[in-house]
Every structure is written in structure tokens, then in C-alpha cells.
Amino acid sequence: MVVGDRGDIQFVNQTLADMFGYSLEELLGKPVEILLPEQHLAAHRRHVENYARRPEPRPMGAGRDLEGVSKDGRRFPVEIGLQPAQTYSGWIVVATLIDITKRKAIEERLRKHEERLEELVAERTWELREAQREKERVLEHLIQAEKMTAVGTLVSGIGHEINNPLYVVLATAEALTDEEDLARCRAYGHEILKQAKDIAETVKNLSQYAQPGARHDLQRVDINASIAGAVRLARRALRDDRIEIKTTTSPAPDILAKPEEIRQVVFNIIRNAIQAIADKGLIEIHTAQEGDWVAVRIQDTGAGIPNEHLKRVFDPFFTTKGPDEGEGLGLYIVHQIVTRYRGTIDVENPAGGGARFVIRFPIADQKNAEEERP
Amino acid sequence: MKHHVLILDDEADVRTAIRLQLKDTRFEILEAENVQQAIGLLGDNAISIDVIICDVRMPGISGVEAVTTFQREYPTTPVIILTGFPDVALAVDFMKKNDVVDYLTKPVEKDKLIAAVEQAAQGRKLFG
């Protein structure tokens, strides 16, 4: 189509006439505006003025989506290319039009597909997150259940640790009621206080251990303090006269965790080691910083772990012990807790005998303090 | 001759508590924190030990082993078990295997401990 500088159609081909449902005669000499929807006219006029001032070629596909209107009033999307030309009688514009109805429809379908795809991805992501959350909830319950089983055995052991100081309190209080010397009364009073505090400490230790971890947020945990707590608990509760527990710690940066879960990890490994030592033995615990990690090594002088079991010790319900000694969840829980804090755990039989567990936790820094929330 | 009670317990506070409860009795108190010390005192001919009060759980050696040793070496000296473990099965086991005269659990009241010690000491007189 060729349009003159007054906006009149000077030349038109059959294809374009068919596109708009006119005959050639109906179009020739008519203003080009009859091909435009009414609400586009004002904008079109502005464009024509601008174009007349600075005529330059506009390639197909450049610029906005445009619409044409056919003789019977149907509107359809068109792509327009413009090519200005100077003739002896003035400016003309050669306009090339393509009906892009089909292309638009395809584009629209593509867009809808994309939208649906995004919805699907969002749905699936949500489902996966839910599944992950559910897994977390189940693990949380399992950790607590395993802990309570351990608490069962702890309580009978702790009884001893409470009854001893309680006995001292009783005997001293008996002596106090008969005593007339004030200085001695004071000394008895101090003794009772000391023993009472000792009992309180034991109870606190046990109840801290028994607490459900779900109630706490992650916090910075001093691994050496956690180990000391676990060792204290193990010494008191699993008090086994045959076994010595030796701890050599070096100062280590904090890790990000729930403190009672770290205690549970260490306690379970100690308990496991005690069960592995047939007669007298030694459990050595060692901490060190290794780059961005805090490493904890727990080594015992027990029988070691048969090579064919090394890969299975962290499996749930894997146990070589009798029914009275646990249900095979202790080390599984250890593994679950360590990996949820993005740590690693390995077990090996060192050359000197026994078994050695090596646990590594990533050091807490400001960044993962905000981001990492298992 | 002076009467003696030998206390075998690894915890000094507990030994002191027993001493306090027995302070107004006719007995002199001897303390041992391990079996070797106890054997040493029992073997001393200059002192006569009427009753042994023995803990069950101690580092190095169990109360069961300790009692077995006492019974073998000094069969006429009565043993009272005083333990923080209120474990019935263990108590029965003790009574069966050993000739312990009493099995008390901590915390025990003064009157009860004194009565047990007196009874044990008199029993010794009868059989010893």
C-alpha cells in the first residue's frame, strides 16, 4: 500500500484489500484512516505528524502492537513496516501490512502454557516443601522419642546421684537440729546448701537433656560446653566404674544448633562406646578447629566395629545389641542431627583398636546465622 | 576394748554424713575410700571392727566384689550395704550370695542406721 502525504491511499494490492474485506476500488483514494479502529485515530494522527517531520524507515515488528479494522468492523492485529519515499509530487509512504492474528494466537497460547508451567512449578515446589517439613516434623518426634528412651535409663542412674547428696543433706540436717554450737550450726547449714545445689545441678542437667528441641531456635553453641554437659550426664547416669572418660578440648568457634541436640549426639556416642567396652576401658573425646569446621573425635577402647557393619551403623534399627540395650536408633539419630546442621560424621576402626567417630560441624558465622534454619 | 564401725564409701561427703549420724553412739568411726584401705584397716590387729558399712558402686571395684572379699577374709564381721540405688533385684542378689545383715538405701535416717549397726554388732557378738 502506498499512502500519500495527505493520508490518502494511492496504491493498494489485492492481498491487502482482501485482508480488510474491501475491493481495490473501495480503497483507492480513501483516507488510510478507514483501516484503523476509531479509538486509535487520535494516536495515529500524532504519529503521522511526527513522521512527516522526520520520515525514516520503520522495520516490521518494531514498536507497539497495532490493530486494523475490516470493512465489517472486525478488529485484528497487524504488523506494519513503513518506508518513506520522495516523488516529484511530494512524500509518499510505502506501508507493508501483515495480519498477525494467527501469530498472536500462538503467542497467547504459549504465554498461557508458560503461566500454567509456572503454576505447576510453584505447586510442585510447595508440595516438596511440605514433604520436607513433614520429614522434619517426623525427625523431630523421633529425636525426642529416642531421647526419652535414654532418659528412662538415665533416671535410674541419676537416682544414685541424687540420693547420695540427699543423704548428706538429711544427715547434716539431723545433726543441725541437735546442735547448740552456733559456729557448727553454720557449718552444717553451708554443707546442706552445697549438697542441695549439687542435687539442683543434677536435676537441671537431666531436664535440659529431656527438653524437646522443637521448642528452641537455633543458637550459637559452644561445642566444648555441650561436650562437658554430655560427659557429666554420662558419668552420672551411666556411671560405670570400669570406664574412664577423658576430654581434651581446644578452644573452638561456636556452631549454630540446638544445644540439647548437640548434647544428645555426644551422649549417644558415649553410651554406644560404653556398651562396646566389655571390661575396663577408656573413652577419649577431643575437639579441634579444622578450617571452617569444628571437629569432634570420640574414640573408645572397645571391640571396634566389624568392617561389614561400618556402613550400616547409622541405619535406623540397626543394632547388634540385645533387646534390653536399645532399639538401634541412637546412632541413626546422631547421624540425622549432624547432617541437619550440615555436618559430617564418619566412623572408623583406628589401628590401635576400638572405634573412632569423627564429627565435623560448620562454624557459625553472621551469614548462616540468618539463613540456615533447618 | 573400743568398738569400731568401718565405713567404705568413695565419697567423702557420704562418709562424713555417716559419721555425723553415728557420732553419739558407742562406736568409733573408721573411714576407707577404697577396698585396699578397708582391707588394711581390717587386717590391723590393734583395732577390732564390729561392723562394716559398704557402698555398692565405687570406681575400680564393685560393692559386690568388695563384700565377697570381706566375707572371705573376715567372715565374722557383719556387712551393712548402704546404697543410693534402690534396686530390689540387686538387694535380693546380695542377700542370697552374701551374708550381709542389712541392705539400706540412701537417704537413710539416723535412728534406722543406728538400729541396724547395733543389731549387726550384737549379731557378731553371738556368732563371733
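Conventions we followed
- Residues numbered from 1 in each chain as written.
- Chains lettered and ligands numbered in written order.
- Predicted model: local features only at pLDDT ≥ 70, side-chain atom pairs only at ≥ 80, totals over all residues.
- Helix = DSSP H or I, 4+ residues; strand = E, 2+ residues; numbered from the N terminus.
- Buried ≥ 20, exposed ≤ 12 C-beta atoms within 10 Å, placed from the backbone.
- Contact = placed C-beta atoms within 7 Å.
- Pairing = 2+ DSSP bridges.
- UniProt positions renumbered as here; feature names shortened; annotations may be inferred.
- Axes fitted to C-alpha atoms, helices over the stretch in contact; angles between N-to-C directions.
- Left-handed = near helix turned anticlockwise from the far one by under 90°.
- Nonpolar A, V, L, I, M, F, W, Y, C, P; charged D, E, K, R; others polar.

J.: Please give an account of the overall build of chain B that cites residues and values.
T.: Scanning chain B from N- to C-terminus turns up five helices and five strands. Along its sequence from the N terminus, chain B presents helices and strands in the succession β-α-β-α-β-α-β-α-β-α. A buried classification covers 38% of the 128 residues belonging to chain B. Once local pairs closer than 6 in sequence are excluded, the contacts in chain B between residues at least 24 apart make up 61%.

J.: Go over the pairing of strand β4 (residues 75-87) of chain A, please, and point to the residues and values.
T.: All names here are of chain A. In this sheet, β4 lies alongside strand β3 (residues 66-69) in antiparallel orientation, the contact comprising four bridges. By the bridge assignment, Glu 67 is partnered in β4 with Pro 77. Count of turn residues in the β3/β4 antiparallel hairpin: five residues, of which Gly 73 carries a positive phi of about 90°. Examined bridge by bridge, β4 and strand β5 (residues 90-99) share ten bridges and lie antiparallel to one another. Its bridge partner lying in β5, Pro 84 is registered against Val 93. Connecting β4 to the antiparallel partner β5 that follows it, the hairpin turn spans two residues.

J.: Give a description of the UniProt feature "modified residue: 4-aspartylphosphate" (unreviewed entry) in chain B that names residues and reports values.
T.: Residues and elements named next belong to chain B. The residues that UniProt annotates with the feature "modified residue: 4-aspartylphosphate" (unreviewed entry) are Asp 55. Structurally, Asp 55 is set in the loop between β3 (49-54) and α3 (63-73). Exposure remark for Asp 55: the 25 C-beta atoms within 10 Å place this residue in the buried category. Not counting the four nearest positions on each side in its chain, Asp 55 is found in contact with Leu 8, Asp 9, Asp 10, Gly 63, Leu 82 and Thr 83.

J.: Outline the sheet that holds β5(A), supporting the account with residue identities and numerical values.
T.: Residues and elements named next belong to chain A. Read from one edge of the open sheet, five strands run β2-β1-β5-β4-β3, paired in antiparallel fashion. Of all strands in the sheet, those with a lone pairing partner are β2 (9-11) and β3, marking the two edges. The sheet shows a mean angle of 50° between the axes of neighbouring strands, taken without regard to direction.

J.: An account of unusual backbone geometry is requested, with residue identities and associated values reported.
T.: Here B:Lys106 and B:Pro107 are connected by a cis peptide whose omega angle stands at 0°. As for its position among the elements, B:Pro107 is in the loop between β5 (102-105) and α5 (110-127). A positive phi angle, near 60°, is found at A:Arg342, a position not held by glycine. Mapped onto the elements of the fold, A:Arg342 is located in the loop between α9 (330-340) and β11 (344-348).

J.: Can you lay out the sheet that holds strand β10 (residues 293-300) of chain A for me, pointing to particular residues and giving the numbers?
T.: Residue and element names in this part refer to chain A. Across the sheet, which stays open at both edges, the five strands sit in the order β7-β9-β10-β12-β11 with mixed pairing between neighbours. On the outer flanks of this sheet lie β7 (243-248) and β11, each paired with one strand and no other. Put simply, the sheet's adjacent strands are angled 15° from each other on average, direction ignored. As judged from the seven bridges shared by β10 and strand β12 (residues 356-362), these two strands associate in the antiparallel manner. Following the sheet pairing, Gln 299 is matched in β12 by Arg 356. Running over the sheet, helix α7 (residues 259-276) touches β7, β9 (281-290), β10 and β12 and is turned about 20° from β10.

J.: Provide a residue-level description of the packing of α7(A) against α9(A), including the pertinent values.
T.: All names here are of chain A. The geometry of α7 relative to α9 is characterised by a closest axis approach of 9 Å and an angle of 145° between their N-to-C directions. Considering only the axes of α7 and α9, their crossing is left-handed. Seen from α7, the contacting residues are Glu 261, Gln 264, Val 265, Asn 268, Ile 269, Arg 271 and Asn 272; seen from α9, they are Gly 330, Leu 331, Ile 333, Val 334, Ile 337 and Val 338. Here the contact of α7 with α9 is composed, by residue class, of seven nonpolar, four polar and two charged.

J.: Would you mind going over the pairing of strand β4 (residues 79-83) of chain B in detail, with residue names and values included?
T.: Residues and elements named next belong to chain B. Within β4, five of the five residues are buried, which leaves the element mostly enclosed by the surrounding structure. Along β4, one buried face is formed by Val 79, Ile 81 and Thr 83 and the opposite face, lined by Ile 80 and Leu 82, is buried too. The pairing of β3 with β4 spans three bridges and is parallel. Paired with Ile 52 across the bridge in β4 is Val 79.

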